[in-house]
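As a plain string of letters, each chain reads:
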Amino acid sequence: MKHKFWMSLAAVALLGGVMTSAQDEIVIGLSLSTLNNPFFVTLRDGAQAAADANGVTLIVADSQDSSATEAANIEDLIAQGVDALLINPTDGDAIVPSVQAANAAGIPVFTVDRSANGGLVVSHIASDNVSGGRSAALYICRALNGNGKVVELEGIAGTSAARDRGQGFNETVSGFCPGLEVVARQTANFNRAEGLTVFENILQSQSEIDAVFAHNDEMILGAIEAAKAAGREGIVFVGFDAIDDAVAAVRDGSLAATIAQQPALMGQLAVETALELLAGANVPQSVPVDLRVIQKLTLGLSLSTLNNPFFVTLRDGALKAASDYLAIELIVVDSQDSSAVEAANIEDLIAQGVDALLINPTDGDAIIPSIEAANAANIPVFTIDRSANGGNFVSHIASDNVAGGMMAAEFLCQALGGAGNVVELEGIAGTSAARDRGQGFNDYMASNCPGVTIVARQTANFNRAEGLTVFENILQSQPQIDGVFAHNDEMILGAIEAAKAAGREGIIFVGFDAIDDAIAAIRAGDLAATIAQQPDVIGYLGVQTAASLFAGETVPPNIPVDLAVVSNR
């Protein structure tokens, strides 16, 4: 089985937080190329937060975009005897003597965001700038339908950020989107004022410009000002860094997109990587930090119900992703476990002109007309947690419910010693979750646990109250029940209540979803196990996958999310 592992409650508790220990008398030096750029201010703040959290001292030096100032700053940090140096170079070649001086002093060096072209560097913590340039090219290619005239505003010559972003952009244009023509390419040194003046000159020499990519947001914001002043409209502008001014420009529509680095996370990881080395651990030579395309999108999320903690958590994960992507509006609707309500909700979302639909269906067949209506309106559809039995959808994001059902069966079979009478409480008929969990459970029992007999199998519609009443009736008709598997935790918790009320003891109960009440029931000894999904991850990935599609990326048709057995074992 894929993605199977066992998790004790102690492990679940540890997942709730990160354990850190203070480091005594450790001093780390952080040399930044400039603090006259919001990106590096945010990077500094992330490093400072990590230093504070770990009880270490961080000394920050500003190179003011000057290699000479940088060299003097680093010489001073070495003289102060820092335990580690984090360097964001002004220039990949000019920094080499400073790195070598730190090497000679036995001080480990880590480069951040930009790399060094020489000297011994322990680890490089940065976004994959080549990948970011590729993302910018893919976005522009999609926005221009593969054809158009493009301008590239380059960063400071000699910096790895400018080199790598340009490489990724130009390789993708030539290899993936040859209909794009780069009609001008000029440096503006990562500076807003230079971005304005350089693009003013390009506008005068180029009568037709369809798009502009700049290696950072400062330059693209200057270019936007120049275009506005010249009255040139209809240009697709794409930046890089997702600074606050750029995100505001995406929201107001003047900037089409920006490639978001995570400078705070970059600074945090730089400090944490240095501390790991100082603690004697091996650290990787490269620590990549995720990128994302920030663009203005409106997504509709249709949930089967919000009367279930699992789907509330799924919604929260989707909202977290929308927040992280900075310019995505997420409209959430509740189908209340009614296919009719669901159809009306989705009809309304289509009428509102959402860019994409994320659908968690109430029923795999009943949802088909709604998906077909979205298809007719050219609105891409993604299914989450439960699939649809028709219509065209781009991708399905869900746990492997068949594997989850098999995991529940394996646990129950072992707990029963391979023999006993078992009841199965099924979910809503027609949903892929009920079908797949039941399939996995019954296939495993039939093949691997022939001593177990399924003495009753009845739906309780994923509902706690129905789980109670349905199991009350089963208890009356079945004098011997050794185990119960329910397709979700709500039903199994209802069944546990029924068993307690009837005074029936010694039954092994297994649920599915690992909601908070189920974890509490395991701790109390009432529930033997539950199959842990990650509904917040499912929701997050739903939004992330939709954003990737609009960024010009190819997304897979199926995106699996890991499962685990949670028990007191």
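Everything quoted here is computed from the prediction, not taken from an experiment. Per chain, residues are indexed from 1 in the order of the written sequence. Residues qualify for local features only when their pLDDT is at least 70, as the model is predicted, and side-chain atom pairs are given and counted only at 80 or more; totals for whole chains, interfaces and linings, by contrast, use all residues. By convention in this description, side-chain values take in all heavy atoms of the structure and omit both hydrogens and water.

Peer 1: Tell me about the packing of helix H3 (residues 67-79) against helix H4 (residues 96-104), and please be specific about residues and values.
Peer 2: Direction vectors running N to C along H3 and H4 enclose 5°, while the axes themselves pass 10 Å from each other. By the angle between their directions, the pair H3 and H4 is classed as roughly parallel. Along its contact with H3, which presents Ala-71, Ile-74 and Ile-78, the element H4 presents Ser-98, Ala-101 and Ala-102. A breakdown of the residues in the contact of H3 with H4 according to their chemical character gives 5 nonpolar, 1 polar and no charged. Throughout, an axis means a line fitted to C-alpha atoms (over the contacting stretch in the case of helices), and angles, computed between N-to-C directions, take values from 0 to 180 degrees. Comment: elements are numbered from the N terminus, with helices defined as DSSP H or I runs of at least four residues and strands as E runs of at least two. In this scheme, roughly parallel covers angles under 35 degrees and roughly antiparallel covers those over 145, while 65 to 115 is roughly perpendicular and the rest are oblique. Note on contacts: a residue pair is in contact if any heavy atoms of the two residues lie within 4.5 Å. Lys, Arg, Asp and Glu make up the charged group, whereas Ala, Val, Leu, Ile, Met, Phe, Trp, Tyr, Cys and Pro make up the nonpolar group; the residues left over, Gly among them, are polar.

Peer 1: Quick one: what's the story with the state of the cysteines, residue by residue and with numbers?
Peer 2: We call a pair of cysteine sulfur atoms a disulfide when they lie within 2.5 Å. Within this structure, the stated rule accounts for 2 disulfides. Put simply, Cys-141 and Cys-177 are joined by a disulfide, and their sulfur atoms are 2.0 Å apart. Residues Cys-141 and Cys-177 are joined by a disulfide whose S-S torsion is about 85°; by sign, that bridge is right-handed. With Cys-141 in helix H5 (residues 129-143) and Cys-177 in the loop between helix H6 (160-176) and strand S8 (180-187), this residue pair connects regions lying 36 residues apart in the sequence.

Peer 1: Can you explain the sheet that holds strand S18 (residues 395-399)? Please cite residues and give values.
Peer 2: Strand order in the open sheet formed by 6 strands is S15-S14-S16-S17-S18-S24, and the pairing between neighbours is parallel. The strands lining the two open edges of the sheet, one partner per strand, are strand S15 (328-334) and strand S24 (558-561). Each strand axis lies, on average, 15° off the axis of its neighbour in the sheet, ignoring direction. A pair of strands counts as paired when DSSP detects no fewer than two bridges linking them.

Peer 1: Account for the pattern of salt bridges, naming residues and giving values.
Peer 2: A pair can form between side chains of opposite charge whenever their charged atoms are brought close. Salt bridge, as used here: a side-chain nitrogen of Lys or Arg that lies within 4 Å of a carboxyl oxygen of Asp or Glu. Tallied over the full model, the rule gives 16 salt bridges. In this structure, Arg-185 engages Glu-152 in a salt bridge whose closest nitrogen and oxygen atoms are separated by 2.7 Å. Of this pair, Arg-185 sits in strand S8 while Glu-152 sits in strand S7 (residues 148-154), and the two are 33 residues apart along the sequence. Residue burial is assigned from relative accessible area. The probe radius is 1.4 Å, only protein chains are included, and a residue is buried under 20% of its type maximum, exposed over 50%, and partly exposed in between. For Arg-185, a relative accessible area of 42% corresponds to the partly exposed category. In this structure, Arg-165 and Asp-241 form a salt bridge, with 3.6 Å as the shortest nitrogen-oxygen distance. Of this pair, Arg-165 sits in helix H6 while Asp-241 sits in the loop between strand S10 (236-240) and helix H9 (244-252); the two residues are 76 residues apart in sequence, bridging distant segments of the chain. Residue Arg-165 shares its accessibility class with Asp-241, and that shared class is buried.

Peer 1: Hey, could you go over the side chain of Glu-70 for me, with residue numbers and the actual values?
Peer 2: Position of Glu-70 among the secondary structure elements: in helix H3. Among buried charged residues, Glu-70 stands out as having no salt bridge; its nearest opposite-charge side chain is Arg-114, 7.0 Å away. Once residues lying within four places of it in the same chain are set aside, the contact partners of Glu-70 are Ser-31, Ser-63, Ile-87, Asn-88, Pro-89, Thr-90 and Ile-95. The charge count includes Lys and Arg as positive and Asp and Glu as negative, but it does not include His or the ends of the chains.

Peer 1: Before we move on, can you summarise the environment of Val-212 with the specific residues and values?
Peer 2: Its location among the elements puts Val-212 in strand S9 (residues 211-214). Assessed through its relative accessible area of 0%, Val-212 is described here as buried. For the pair Val-212 and Ala-53, spaced 159 residues apart in sequence, the C-alpha to C-alpha distance is 41 Å.

Peer 1: Got a sec to walk through the sheet that holds S8? Specific residues and values, please.
Peer 2: Sheet architecture is open: 6 strands sit in the order S8-S7-S9-S10-S11-S13, paired in mixed fashion. Pairing within the sheet leaves two strands with one partner each, and these edge strands are S8 and strand S13 (292-295). Sheet twist, expressed as the mean angle between neighbouring strand axes with direction ignored, is 20°. One ladder, built from 3 bridges, connects S10 with strand S11 (residues 257-260); its direction is parallel. When the sheet's bridge partners are listed, Phe-240 is paired in S11 with Ile-259. Together, S7, S9, S10 and S11 form the strand contacts of helix H8 (residues 217-230), whose direction differs from that of S10 by roughly 155°.

Peer 1: I'd love a proper account of the packing of aromatic side chains, names of residues and values included.
Peer 2: Only Phe, Tyr and Trp rings take part, Trp by its six-membered ring, and two of them pair if their centres are within 6.5 Å. Stacked means planes under 30 degrees apart, edge-to-face means over 60, and tilted covers everything else. Summed over the entire model, instances satisfying the criterion amount to 6 aromatic pairs. Where Phe-39 meets Phe-40, the ring centres are 5.1 Å apart and the plane angle is 90°; that geometry is what we call edge-to-face. On the numbers, 6.1 Å between centres and 75° between planes, the contact of Phe-199 with Phe-237 is edge-to-face. Residue Phe-199 is located in helix H7 (residues 192-205), and its partner Phe-237 is located in strand S10; the two are separated by 38 residues in the primary sequence. The class of Phe-199 is buried, set by a relative accessible area of 0%. We classify Phe-237 as buried; its relative accessible area is 5%. Above the ring of Tyr-325, the side-chain terminus of Arg-292 is found at 4.9 Å from the ring centroid. For a ring to carry a charge above it, either NZ of a lysine or CZ of an arginine must fall within 6 Å of the ring centroid while also lying within 35 degrees of the normal to the ring plane. We note Arg-437 situated over the ring of Phe-512; from NZ or CZ to the ring centre the distance is 3.9 Å.

Peer 1: Outline the nonpolar core, listing residues and values.
Peer 2: Core analysis: the largest hydrophobic core is formed by 122 residues, its most contacted members being Ile-28, Phe-199, Phe-237, Phe-471 and Phe-509. A total of 8 residues in this core trace back to one element, the largest contributor, which is helix H19 (residues 535-550). Excluding residues within four positions of it along the chain, Ile-28 makes contact with Val-56, Thr-57, Leu-58, Ile-59, Val-82, Ala-84, Leu-86, Val-271, Ala-274 and Leu-275. Residues belong to a common nonpolar core when they are buried Ala, Val, Leu, Ile, Met, Phe, Trp, Tyr or Cys residues joined through side-chain atoms within 4.5 Å.

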